[in-house]
Amino acid sequence: MSIANSVANRRLLSIHNHTTSLPEKIDGLVLILPRGDKVFAAVTTSASGTLTQLQLNKTHILDYRINLSASFSLELSAIGTRYEGVADHIPKANLFELSTPVEQGIPKDITIADTWAAIYALFTLYRTLEHLPIRFVSVPNTEELTRYLLISGLGRGIHGKEKAECTENVIFLSRAAFWQGAGTTGYHTQGWLLTPTPTFPNIPSFTRSDMVIASHPLRPPKPRPGEVLYRRYCAAVGKSLEFVAFDINGDPKRDGGLSQHMAAFHKWHNDERINSAWGERGSLETHRDYIRGLLADPGVVPIMMRWNGELMGYVEIVWVKENHVAQYYPSDLSVGDWERGLHVLVGEEKFLGGCK
């Protein structure tokens, strides 16, 4: 087998691992939330079927059962036409019935934060489902949770000219909306953005430099050095990915005068593999000046990446309008005010490859 075929096979295997559902009957750790809380699943089987209990740090938060006799598809363009309800090519999914823990015979409310954590677990366990139909069963605060799902855009109801009784109170959870952060900021603090910022006003601004002349909205202030901006547990590899704002100075007591970020950046750019792509080989002072320039530029945010706390790579997140890359857009396309771009390098060789 050639090297090219071997690399291609590894990539295909990685895609397969990320898009194939984990076994339905799973006991144990499902995921780790951004602030360290752990979600576990415990499966029980009885004459009435299989019930999965979800626990947050060993606290029972929610149960779910898959109703194999009820399946739904999310029809969009067929709604209101003669094709409504007969579009067999649209994938169907079995109904997930969500119920609440019972204490001393009394059903408990489910908090919005716990509901989001449970949805996270469901999308982790059932990775082939783009839309996941759910129904709350015997949950005291069903109305509150339904409104949360609908108003946040995390879920949508079934609608159509012939809404059957079996579809009553069924909500489709959207994987796309979930990964866009629907239902997080403003509702609870469990999301991947550890320090979400309030809405920033749209105020005109302007950039003039040696490479760019552009009008654009005023950008919000940059994050603090060393601030963890994003953390997400990746179930396929069992590790947490972090984005950390570049800290050029570091902790003098811990780092001895050279920040961990600066030391890693300098080492990586003097590696031939990285220099062949980035062309930034140089002295430590050259690299300090490079980072100082980015930190002074409102249109760029330099970021360090970590796997389970270990530095592994570097990212530059740019506002495209203020970046020279805007000049390479096709002539028939315009750059949006809020369009962003990424320059990424994997610094540590052991983290290369699709399995990472």
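Bear in mind that the values here come from a model prediction, so they are computed numbers and not experimental data.

Peer 1: What should I look at first to understand the sheet that holds strand E3 (residues 49-56) in this one?
Peer 2: What holds strands together in a sheet is hydrogen bonding between their backbones, with the strands either parallel or antiparallel. The eight strands lie next to each other as E1-E2-E3-E4-E5-E8-E10-E9, forming an open sheet whose pairing is mixed. The strands lining the two open edges of the sheet, one partner per strand, are strand E1 (28-32) and strand E9 (155-157). Direction aside, neighbouring strands of the sheet carry axes that sit 35° apart on average. Here strand E4 (residues 59-72) pairs with strand E5 (residues 93-99) via seven bridges, running antiparallel. In the sheet register, Tyr 64 faces E5, and the bridge partner there is Leu 98. Set on the sheet, helix H2 (residues 112-125) makes contact with E1, strand E2 (38-46), E3, E4, E5, strand E8 (131-137) and strand E10 (171-174); between it and E1 the angle comes to about 110°. Against the sheet, helix H3 (residues 142-152) engages E8, E9 and E10, with an angle of about 160° to E8.

Peer 1: Looking at this structure, how should I read the packing of aromatic side chains?
Peer 2: One pair of aromatic rings is described through two measures. These are the centre distance and the angle between the planes. Under the defined criterion, the tally for this structure stands at 21 aromatic pairs. Ring geometry for Phe 123 and Phe 178: centres 5.4 Å apart, planes at 45°, overall tilted. A residue pair is termed long-range when its members are at least 10 positions apart, and Phe 123 in helix H2 and Phe 178 in helix H4 (residues 175-179) qualify at 55 residues. Side by side, Phe 123 and Phe 178 carry an identical accessibility label, which is buried. Among the aromatic residues, those joined into a cluster by ring pairs are Trp 116, Tyr 120, Phe 123, Phe 178, Trp 179 and Trp 192. Over the aromatic face of Phe 40 sits the side chain of Lys 58, whose NZ or CZ is 4.2 Å from the ring centroid.

Peer 1: What's the story with the nonpolar core in this structure? I'm lost.
Peer 2: In summary, soluble globular proteins display a tendency toward joint burial of nonpolar side chains. Tyr 64, Phe 96, Ile 134 and Leu 149 are the most contacted members of the largest nonpolar core, which has 42 residues in total. Broken down by element, the residue count for this core peaks at 10 residues, all from H2. Those residues in contact with Tyr 64, other than ones at most four positions away along the chain, are Thr 50, Leu 51, Thr 52, Leu 54, Phe 96, Glu 97, Leu 98, Leu 122, Leu 125 and Tyr 126. Counting residues in hydrophobic clusters, the runner-up holds 15 residues, among them Ile 248, Met 262, Ile 291 and Leu 345.

Peer 1: For this particular structure, what's the right way to read the pairing of strand E13 (residues 228-234)?
Peer 2: When a strand is regular, its side chains alternate between the sheet's two faces. Counting buried positions over the seven residues of E13 gives five, a clear majority of the element. Relative to strand E14 (residues 239-245), E13 is paired through six bridges, and the arrangement is antiparallel. What sits directly across from Arg 231, in E14, is Glu 242. Counted along the chain from E13 to the antiparallel partner E14, the turn is four residues long, and its residue Gly 238 has a positive phi close to 70°.

Peer 1: Help me understand a nonpolar patch on the surface in this model?
Peer 2: Where nonpolar side chains cluster on the molecular surface, the patch consists of Phe 200, Ile 203 and Leu 218 and spans about 220 Å² of accessible area. Mapped onto the fold, Phe 200 is located in the loop between H4 and strand E11 (204-208).

Peer 1: I tried to follow unusual backbone geometry on my own but got confused; where do I start?
Peer 2: For residues other than glycine, phi is negative in most cases, and the peptide bonds are mostly trans. Even without glycine at this site, Asn 57 takes up a positive phi of about 50°. Tracing the backbone through its elements, the reader meets Asn 57 in the loop between E3 and E4. Looking at Asn 57, the relative accessible area reads 38%, which means it is partly exposed. One non-glycine residue, Ser 138, lies in positive phi territory at about 55°. Position of Ser 138 among the secondary structure elements: in the loop between E8 and H3.

Peer 1: Which parts of the structure should I look at to understand the sheet that holds strand E17 (residues 340-346)?
Peer 2: If you trace the five strands from one edge of the open sheet to the other, you get E13-E14-E15-E16-E17, paired in antiparallel fashion. Here the strands that pair on one side only, and so sit at the sheet edges, are E13 and E17. With strand direction ignored, the average angle separating the axes of adjacent strands in the sheet is 20°. Helix H6 (residues 260-269) rests against E14, strand E15 (300-307), strand E16 (310-319) and E17 of the sheet, and its axis sits at about 85° to E16.

The rules behind the values
Residues numbered from 1 in each chain as written. Predicted model: local features only at pLDDT ≥ 70, side-chain atom pairs only at ≥ 80, totals over all residues. Heavy atoms only, no water. Pairing = 2+ DSSP bridges. Helix = DSSP H or I, 4+ residues; strand = E, 2+ residues; numbered from the N terminus. Axes fitted to C-alpha atoms, helices over the stretch in contact; angles between N-to-C directions. Contact = heavy atoms within 4.5 Å. Phe/Tyr/Trp six-rings, centres within 6.5 Å; stacked < 30°, edge-to-face > 60°. Buried < 20%, exposed > 50% of the residue type's maximum accessible area, 1.4 Å probe, protein only. Lys NZ or Arg CZ within 6 Å of the ring centre and 35° of its normal. Core = buried A, V, L, I, M, F, W, Y, C linked by side-chain atoms within 4.5 Å. Patch = residues over 30% accessible without salt bridge, like charges linked within 9 Å, V, L, I, M, F, W, Y side chains within 5 Å. Areas by Shrake-Rupley, 256 points an atom, 1.4 Å probe, with all protein chains shown as cover. Salt bridge = Lys/Arg side-chain N within 4 Å of Asp/Glu carboxyl O.

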